[in-house]
Amino acid sequence: MANERKPHILITGAAGALAQQVINRLRNDYFLVAADFREQVYLGDDIPSYCIDFNKRVFEDLFRRYDFDGVIHLGRIMSSQENRMRRYNANVLGTQKMLDLSHKYGIKRVVILSTYHVYGANAYNPALIDEEAPLKGAGLSMDLIDSVELENLANIYLWRYPDLNITLLRPCNIVGPGVRNSISTLLASRRAPVLAGFSPIMQFIHIDDMADAIVLAYKKNQRGVFNVAPEDWVAYQHALLLCGCSRIPIPSIPPMLPRAIARLLNLKSFPPYLMHFFKYPVVIDGRAFQDTFEFKPKRPLKEVFRYYRENKQPV
Amino acid sequence: MTLRSYLKDKLVPQAQQDQVNRIRKSIGSLGYDPWGYNADSIKIGFSAARYIYQKYFRVEADGVEKVPAEGPVLLVANHSGQLPLDGLLIGFALASREDKPRMPRAMIERFFPTVPYVGNILNQVGAVLGDPVNCAKMLANDEAVIVFPEGIRGSGKLYRDRYQLKRFGNGFMHLAMEHGATIVPVGVVGCEETIPAIANIRPLAQALGLPYVPVALPFVLPAKVHLKFGDPMIFDNANIPEDKVTLRVDLVKAEISKLIDQGLSERKRLF
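Please read these numbers as outputs of a predicted model, since none were measured by experiment. (Residues numbered from 1 in each chain as written. Chains lettered and ligands numbered in written order. Predicted model: local features only at pLDDT ≥ 70, side-chain atom pairs only at ≥ 80, totals over all residues. Heavy atoms only, no water.)

Glancing now at the overall build of chain B. Secondary structure summary: chain B contains ten helices and nine strands in total. The C-alpha radius of gyration of chain B comes to 18 Å, within 12% of the 18 Å expected for a compact globule of 271 residues. Taken along its principal axes, the extent of the C-alpha atoms in chain B is 50 × 45 × 40 Å. Of the contacts formed within chain B by residues at least 6 apart in sequence, a portion of 78% connects residues at least 24 apart. Total accessible area on chain B is roughly 12400 Å²; 57% of this is exposed by carbon and sulfur atoms. (Helix = DSSP H or I, 4+ residues; strand = E, 2+ residues; numbered from the N terminus. Rg over C-alpha atoms; globule rule 2.2 N^0.38 Å. Contact = heavy atoms within 4.5 Å. Areas by Shrake-Rupley, 256 points an atom, 1.4 Å probe, with all protein chains shown as cover.)

The subject of this paragraph is the interface of chain B and chain A. Across the contact, 23 residues belong to chain B and 28 residues belong to chain A. Each partner contributes to the roughly 2200 Å² buried at the junction of chain B and chain A, and carbon and sulfur atoms together form 63% of this total. Our count for the chain B to chain A interface comes out at two salt bridges. Ionic pairing is found between Asp130(A) and Lys137(B), a salt bridge with its closest N-O pair at 3.3 Å. (Buried area = accessible area lost by both parts, 1.4 Å probe. Salt bridge = Lys/Arg side-chain N within 4 Å of Asp/Glu carboxyl O.)

Remark on secondary structure: sheet strands pair via backbone hydrogen bonds, oriented parallel or antiparallel. Residues and elements named next belong to chain A. Here seven strands make up an open sheet; going across it, the order is β3-β2-β1-β4-β5-β6-β11 and the pairing parallel. Since the sheet does not close on itself, it has two edges, and those belong to β3 (49-51) and β11 (224-228), each with one partner. Neighbour-to-neighbour, the strand axes of the sheet open up by a mean angle of 15°, direction not taken into account. Of the strands in this sheet, β1 (8-12), β2 (31-36), β3 and β4 (70-73) are in contact with helix α2 (residues 58-66), which crosses β1 at around 160°. Sheet contacts for helix α7 (residues 207-219): β1, β4, β5 (109-113), β6 (166-171) and β11; angle to β5, the most-contacted strand, approximately 155°. (Pairing = 2+ DSSP bridges. Axes fitted to C-alpha atoms, helices over the stretch in contact; angles between N-to-C directions.)

Another point: α2(A). All names here are of chain A. Looking at α2, one finds that the buried residues are Phe 59, Glu 60, Leu 62, Phe 63 and Tyr 66. End-on view of α2: buried residues confined to an arc of 145°, all on one side of the axis. Contacts from the buried residues of α2 go to β1, β2, β3, β4 and α3 (84-104). Asp 67, located one to two residues past α2, shows a positive phi value of around 50°. (Buried < 20%, exposed > 50% of the residue type's maximum accessible area, 1.4 Å probe, protein only. Arc of directions from axis to C-beta.)

Looking now at the side chain of Lys25(B). All names here are of chain B. Tracing the sequence through the fold places Lys 25 in the loop between α2 (14-21) and α3 (39-56). Within the structure, Lys 25 has its side chain in polar contact with the side chain of Glu 143 (distance 2.5 Å). Leave out the neighbours within four places in its chain, and Lys 25 touches Tyr 37, Met 103, Arg 105 and Glu 143. (Polar contact = N/O pair within 3.5 Å; in protein donor to acceptor, adjacent residues only side chain to side chain.)

Another point: the layout of surface pockets. Here the idea is plain: a probe the size of a water molecule rolls over the atoms and shows the empty space left. The computed volume of the largest pocket comes to approximately 1300 Å³. Residue lining of the largest pocket: 50 residues in total, with Pro84(B), Ala106(B), Met107(B), Ile108(B) and Glu109(B) positioned closest to the centre. At the level of elements, α3, α4 (85-95), β3 (105-108), α6 (132-140), β5 (144-147), α7 (152-155) and α8 (171-179) of chain B are the ones that each hand at least two residues to the lining of the largest pocket. Residues that form the lining of the largest pocket fall into these classes: 34 nonpolar, eleven polar and five charged. Put simply, the second largest pocket is a space of about 750 Å³. Forming the walls of the second largest pocket are 25 residues, and the residues nearest its centre are Gln237(A), Arg247(A), Leu3(B), Arg4(B) and Gln124(B). Counting only elements with at least two residues in the lining of the second largest pocket, the list comes to α8 (236-242) and β13 (246-250) of chain A together with α1 (3-11), α3 and α5 (118-124) of chain B. The element contributing the most residues to the lining of the second largest pocket is α3(B), with four residues. (1 Å grid on protein atoms, 1.4 Å probe; cavity = no way out; pocket = protein on both sides within 12 Å on 5 of 7 lines; lining within 4 Å. Points joined across faces, edges and corners; volume = space filled by probe spheres on them. Nonpolar A, V, L, I, M, F, W, Y, C, P; charged D, E, K, R; others polar.)

What follows deals with the sheet that holds β5(B). Residue and element names in this part refer to chain B. Spatial ordering of the open sheet is given by β1-β9-β6-β2-β5-β3-β4, a layout of seven strands whose pairing is mixed. Strand pairing shows two members of the sheet lacking a second neighbour, β1 (60-62) and β4 (128-129), which therefore form its edges. With two bridges connecting them, β3 and β5 associate as parallel partners. Its bridge partner being in β5, Ala 106 is matched across the sheet by Ile 146. Strand contacts of α4: β1, β2 (73-77), β5, β6 (182-189) and β9 (226-229), with the helix running at about 60° to β9, the strand carrying the most contacts. Set on the sheet, helix α10 (residues 242-266) makes contact with β1, β2, β6 and β9; between it and β6 the angle comes to about 35°.

Turning our attention to the pairing of β1(A). Residues and elements named next belong to chain A. With five of five residues buried, β1 lies mostly within the body of the structure. Of the two faces of β1, the one carrying His 8, Leu 10 and Thr 12 and the one carrying Ile 9 and Ile 11 are both buried. Relative to β2, β1 runs parallel, the two being bridged by five bridges. Note on β2: the bridge partner recorded for Ile 9 is Leu 32. A crossover links β1 with its parallel partner β2, the connecting element being helix α1 (residues 17-26), and its sense is right-handed. Bridge analysis of β1 against β4 gives four bridges, and the strand direction is parallel. Opposite Ile 9, over in β4, you have Gly 70 as the bridge partner. (Right-handed = clockwise from strand over helix to strand, strands pointing away.)

Listed below in structure tokens is the structure:
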């Protein structure tokens, strides 16, 4: 039928490259509303777009006006952005507001994007960390506390309000065209810092594959917490070489020395509180997501690194 | 070309590369596995281990063919000699065997990953942080894993306590039962004489964050090493109380003790 109502979805973090990929995949089958706390982005005449703070009362007007069926929450401030208090307000309190409104307005599907940083980088980490592992991220650095708190909050809502059908995704490093996180900035640079004597195993997922994963997660109604990572691994320093970066070794012992150097140089992509992630591996097990959602990443690591090698300083 | 692949091509003879290539491992597109194993590094490591195994310690391995060719296996051995040389030698014996070689993974102490360069190199040649989750995931992956249930108690023992088995932990038995892994007991004779220690400087070890600091010669003696592989042991996954698990562990321990005694009685000279 021509007049059949398309399901309505709120997508947060719309100014980001990942959200725009997700929007492109869903725009034909769904009526989308985009929101971002940073800026208003133009996504075509058919998609209303708002610059809005989730903690303000006007955020509720979106729920009143559009009668959403689902929410895809990608609007998380990354650990390298803003200050700690602002991140806490936006990521934790903003998400709580969004979940409260979702419950109040009878939303049936919520997908939340988290990060593998919640596991924390630790010398004693086993490899292939699965979803039941404790979230040590907060214990290592207060700068990651908002990420862990967001997870805890989402978990409480997941069990308290099963009708919301919350799916929480913990992806490994998202990389590729348009991505502006710490690791993408490092791979795109001509010279990247490394900790002398440490080259932890890392996982990378192409932004296109991650967008596919989010769309799959939304469409298949399976609530729970899932790691998202391909079954492919590479050492950090090897990844830099494949991206055509020269490595700048930073002394790694005593542990306070690399932190002091990073603080002194004020490197945005190599912040002191992510230092452990460049020292110890945090290898996650993405098999539960792959099996449940029949997900298979399509872009191999070589393709990802070729992009960075051929496009130094990309957008 | 990375330095690693250059070294591999220059230093590792083709025959040894072929031997490693015969061993199938599930690795990613760039040659790594989740624990940091690297296909090029392992070839360099294999070449270095061959010299240590054949020329330096002149190892004699009996019964290596008893290790199953596939499926999850736990190689359980006595630990000795201050450095994890026994793990290296057991690993090489299995990786270099003619018929259906396997590349076993050794579980290493928790302080290694914190040491620059050393932790990374060990991971690249197949060693893995000694964590039960790692061991469980590897057994689920059908790997052969070398474990020393004595742990630090075994490797750090003094020369006067040589060949006396210390207390065995029960962790390996739980993992073997849960994952249907075959246990192959291994008796190592000779490693106790490689670095004989007369004392342990405990305060210095605590200050440095090391498990022990032995008073020993500053080099490794070229003792002759005998590896005795025992018959495979299989235990069911019955829901049994911990004291029954301990009895099963004692069975394995007794088998290792028997293998050590055999090795000692057959040994003709120390070096």
